[in-house]
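Coordinate inspection notes
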Amino acid sequence: MLPSASLLFVASLLTALPVNADGIYPKNSPVLQLNSKTYNSLIAKSNHTSIVEFYAPWCGHCQSLKPAYEKAAKNLDGLAKVAAINCDEDENKPFCGQMGVQGFPTLKIVTPSKKPGKPRVEDYKGARTAKGIVDAVVDHIPNHVKRASDKDLDKWLGQDEDRPKAILFTEKGTTSTLIRALAIDFLGAIDIAQIRNKETASLKKFGVTDVPALVLIPGPNAEPKIYEGDLKKKPITEFLSQAAKPNPDASGRAAADSKPKPKPKQKSKPASKPTSVADEPDINPTASQDQDSTEPSLKPAHVPIPAPPIPTLSTPESVEASCLAPKSGTCVLALLPGASEPDAALPQSATDALASLADIGHKHAQRGAHLFPLYAVPAINSGSGILREALGLQADDAQTVQLIALNARRGWWRRYSAEDFGGVAVEAWIDSIRLGEGAKEKLPEGIIIGAEPETKQPVAEPEAEAEAEADEADAESVEPEAEEAEQTVEHDEL
Ligand SMILES: *[C@@H]1O[C@H](CO)[C@@H](O)[C@H](O)[C@H]1NC(C)=O
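Residues numbered from 1 in each chain as written. Predicted model: local features only at pLDDT ≥ 70, side-chain atom pairs only at ≥ 80, totals over all residues. Heavy atoms only, no water.

Which entries qualify depends on this criterion: UniProt positions are given in the numbering used here, feature names are shortened, and annotations may be inferred rather than shown by experiment.
Taking an unreviewed UniProt entry as the reference, the protein chain is identified by name as protein disulfide-isomerase belonging to Penicillium salamii. Recorded in UniProt under Subcellular location (unreviewed entry), the annotation for the protein chain is "Endoplasmic reticulum lumen". Entered under Catalytic activity (unreviewed entry) in the UniProt record, the comment concerning the protein chain runs "Catalyzes the rearrangement of -S-S- bonds in proteins."

What to know about the sheet that holds strand 12 (residues 374-377)
Which entries qualify depends on this criterion: DSSP-based pairing: two strands are paired if at least 2 bridges between them are found. Numbering goes from the N terminus for both helices and strands, where a helix is a DSSP run of H or I of at least four residues and a strand is a run of E of at least two.
What the five strands build is an open sheet, ordered 12-11-13-14-15; its pairing is mixed. The open sheet has two edge strands with one neighbour each: strand 12 and strand 15 (441-442). Strand direction decides the pairing type here: strand 11 (residues 330-335) and strand 13 (residues 402-407), joined by six bridges, are antiparallel. Bridged to Val332 within strand 13 is Ala405.

Points about the site of the ligand
Note the following rule: One heavy atom within 4 Å of a molecule or strand makes the whole residue count as near it. Think of a polar contact as two N or O atoms within 3.5 Å of one another; within protein, one of them needs to be a possible hydrogen donor and the other a possible acceptor, and neighboring residues in sequence only count if both atoms come from side chains. Surface accessibility in these figures is a Shrake-Rupley result with a 1.4 Å probe; residues are shielded only by whichever protein chains are displayed. When residue character is reported, Ala, Val, Leu, Ile, Met, Phe, Trp, Tyr, Cys and Pro are called nonpolar, Asp, Glu, Lys and Arg charged, and the others, Gly included, polar.
Around the ligand lies a shell formed by Lys45, Asn47, Leu187, Asn247, Pro248 and Asp249. Here Asp249 contributes a side-chain N or O atom positioned 2.7 Å from an oxygen atom of the ligand. Within the complex, 58% of the 360 Å² of free accessible area of the ligand lies under protein. Partitioning the shell around the ligand into residue classes produces two nonpolar, two polar and two charged.

Focus on the sheet that holds strand 9 (residues 213-217)
Sheets are built from strands that pair by backbone hydrogen bonding, the pairs being arranged parallel or antiparallel. Which entries qualify depends on this criterion: For helices, the fitted line uses only the C-alpha atoms of the stretch in contact; every axis is such a line through C-alpha atoms, and the angle between N-to-C directions lies from 0 to 180 degrees.
Read across the open sheet, the five strands follow the order 6-8-7-9-10; overall the sheet is mixed. The two strands at the open ends of the sheet, each matched to only one other strand, are strand 6 (146-148) and strand 10 (225-227). If you compare each strand with its neighbour and ignore which way they point, the axes differ by 25° on average. The pairing of strand 9 with strand 10 spans three bridges and is classified as antiparallel. Directly across from Val215, in strand 10, lies its bridge partner Ile226.

What about the pattern of salt bridges?
In plain terms, the rule: The term salt bridge refers to a side-chain nitrogen of Lys or Arg lying within 4 Å of a carboxyl oxygen of Asp or Glu.
The final tally for this structure, using the stated rule, is 13 salt bridges. Counted as one network, the salt bridges with shared partners bring together Asp160, Arg163, Lys165 and Asp191.

Observations regarding the state of the cysteines
We apply this condition: The criterion for a disulfide is a pair of cysteine sulfur atoms lying within 2.5 Å. Buried residues are those whose accessible area, probed at 1.4 Å on protein chains only, stays under 20% of the maximum for their type, while exposed residues exceed 50% and partly exposed ones sit between those limits.
Applying the stated rule across the entire model yields three disulfides. The disulfide partner of Cys59 is Cys62, and the gap between their sulfur atoms is 2.3 Å. Sign of the S-S torsion, about 90° for the bond between Cys59 and Cys62, identifies this disulfide as right-handed. Here the two residues Cys59 and Cys62 agree in accessibility, since each one is buried. One disulfide bridge connects Cys323 with Cys331, the sulfur atoms lying 2.1 Å from each other. Note on the Cys323 and Cys331 pair: the S-S dihedral is about -85°, so by sign convention the disulfide is left-handed. With respect to class, Cys323 is no different from Cys331; both count as buried.

Points about the environment of Ser202
Applicable threshold: The criterion used for residue contact is that any of the two residues' heavy atoms lie within 4.5 Å.
With respect to the helices and strands, Ser202 occurs in helix 8 (residues 200-205). The sequence separation of Ser202 and Phe169 amounts to 33 residues, and the corresponding C-alpha distance is 9.0 Å. Those residues within four positions of Ser202 in sequence are excluded, and the remaining contacts are Ser149, Asp150, Leu153, Phe169 and Ile195.

Describing the packing of aromatic side chains
Using the following cut-off: Here a pair means two rings of Phe, Tyr or Trp (six-membered ring of Trp) with centres within 6.5 Å. Their orientation is stacked below 30 degrees between planes, edge-to-face above 60, and tilted elsewhere. Charge-over-ring placement is defined geometrically: NZ (Lys) or CZ (Arg) within 6 Å of the ring centre, and within 35 degrees of the ring normal.
Under the definition given, this model contains nine aromatic pairs. Consider the rings of Tyr227 and Phe239, whose centres lie 5.0 Å apart with planes at 55°: the pair is tilted. Here Phe239 lies in helix 9 (residues 233-241) and Tyr227 lies in strand 10, a separation of twelve residues in the sequence. Taken individually, Tyr227 and Phe239 each receive the classification buried, so the pair is uniform in this respect. For the cation-ring pair, Lys165 lies above Trp156, with the distance from its terminal atom to the ring centre recorded as 5.9 Å. Geometry around Trp412 places Lys440 over its ring, the cationic atom sitting 5.1 Å from the centre.

Points about the nonpolar core
Note the cut-off: What is meant by a nonpolar core is a set of buried Ala, Val, Leu, Ile, Met, Phe, Trp, Tyr and Cys residues, joined one to another through side-chain atoms within 4.5 Å.
Counting residues in hydrophobic clusters, the biggest one holds 48 residues, and the most contacted among them are Tyr39, Ile51, Val52, Phe54, Tyr69 and Ile133. Of all the secondary-structure elements, those providing two or more residues to this core are helix 2 (38-44), strand 2 (50-55), helix 3 (60-75), strand 3 (81-86), helix 4 (93-98), strand 4 (106-111), helix 5 (130-139) and helix 7 (177-185). For Tyr39, the residues in contact, after removing those within four places along its chain, are Leu34, Ala44, Val52, Phe95, Met99, Val110 and Val121. In this structure, Leu354, Ile360, Leu403 and Ile433 belong to the second largest nonpolar core, which totals 24 residues.

Side note on the pairing of strand 12
Because side chains alternate across strand 12, one face comprises the buried residues Leu374 and Ala376, and the other comprises Tyr375 and Val377, equally buried. Of the pairings in the sheet, the one linking strand 11 to strand 12 comprises four bridges and is parallel in character. Along strand 12, the bridge assignment pairs Leu333 with Tyr375.

Describing helix 14 (residues 382-390)
Residues three or four positions apart in an α-helix share a direction because the helix packs 3.6 residues into each turn. Applied cut-off: Regarding the arc, it is the one traced by the directions from the helix axis to the C-beta atoms.
Among the residues making up helix 14, those that are buried are Gly383, Ser384, Leu387 and Arg388. The buried residues of helix 14 occupy an angular sector of 135° when the element is viewed end-on, so they sit on one face. Those residues of helix 14 that are exposed and aimed more than 90 degrees away from the buried face are Ile386 and Glu389. Here the buried face of helix 14 lies against helix 12 (316-324), strand 11, strand 12 and strand 13. One side-chain oxygen at the N-terminal end of helix 14 lies 2.7 Å from the backbone nitrogen of Gly383; it belongs to Asn381. Looking one or two places after helix 14, you find Gly392, whose phi comes out positive at around 75°.

Listed below in structure tokens is the structure:
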């Protein structure tokens, strides 16, 4: 029933963790809350560009994105839609799978195409900052504003003669986001053009002396009206509305205030049809989920490719060089159990652990996301025994795989203590390392090759550690205050 492996992962994780069923955005948040049903009417059928966050409430990266995302929503108010959907809700899960969501948060920019109801859907993989998000969304706002000149203004005025027209006189050669958004709000109702102030005949025709100026021509025989108010969206919308009403999905809370809010259907109807999107007639099952696709595919977009195995460190020297040099950053090592016979198969726990790490590494590599290195260390490598002994793992059953993470530079290590080596559990552990969460132990003296005891760094304070970890994860911003800094943030998983 569940369309993708990632959702199975999610489903099994849900049984393991205490879950907050509520979304992370409160009712009064500037972020528009969606479900699988309202996505279609509010986003797919909109004339406006949207960004949609697919999230799960328990996901740490989703929570850290929240301040930037709400800030982006405020900045884009009236220009584009900033929405979020809780993929943790049962009724939304199939939909999130159909949209190809494999990790949280996933951000997708939905751009209307020429075909109504069939938008272009692209992953947003830029910085998880308000600025990064706003810039990318603004770049995707369609431009329905005619750029007119003295030569063709009359022709444009003569088209669809009965339809009201508005002309922005400006010194700019570019089309501002605001005027583009207004043209979308009034699409089909008022045609909008812009004309540069060097087109003097046109200025003269409408008696415009100062730019910027906005002129409304309510109809073929009506007197043109010059707008004199603030160059803000709300008063301009009111001014234009005397000629024609804006479209139903005119964006912005200012516009939304004047009309009844759509009732969240989710509340009044039980989720009797969990696969509502699959029922949509206009979904083309052969569409792919790439940049040119105009709608979500019915097929899970991801065809799992077997992940290549993680690299093996087969000598003590390679372990030292990779993970135990004084400057080595975070490393994850799977210390494999010793086999009783040379060719004996590894126990299931070890093969599971290796498969989980391979999947996690592969997933990051496919996304071009940073992850610390993951290595397998066979028992035959004496470096494995040395580490086990130094870290006090000797007492453990030699038949068990040990997953450890260590950071020589910062002098800490930690051990995976669960008995389940499945993908979800191991990935949650990897994720906690990335976030700098969870308890660390001090690496015993003498493990770091060539380090003087006095130059070895102490185990950092928890907060500093989280920051340091974030630095390692390619300058990931975990501090909301840092959100405006021009840092690039990787697309994080679950
Ligand atoms: C989208 O634009 C068309 C005109 O092209 C208009 O008729 C329609 O109402 C708009 N859709 C929404 C949802 O506002």
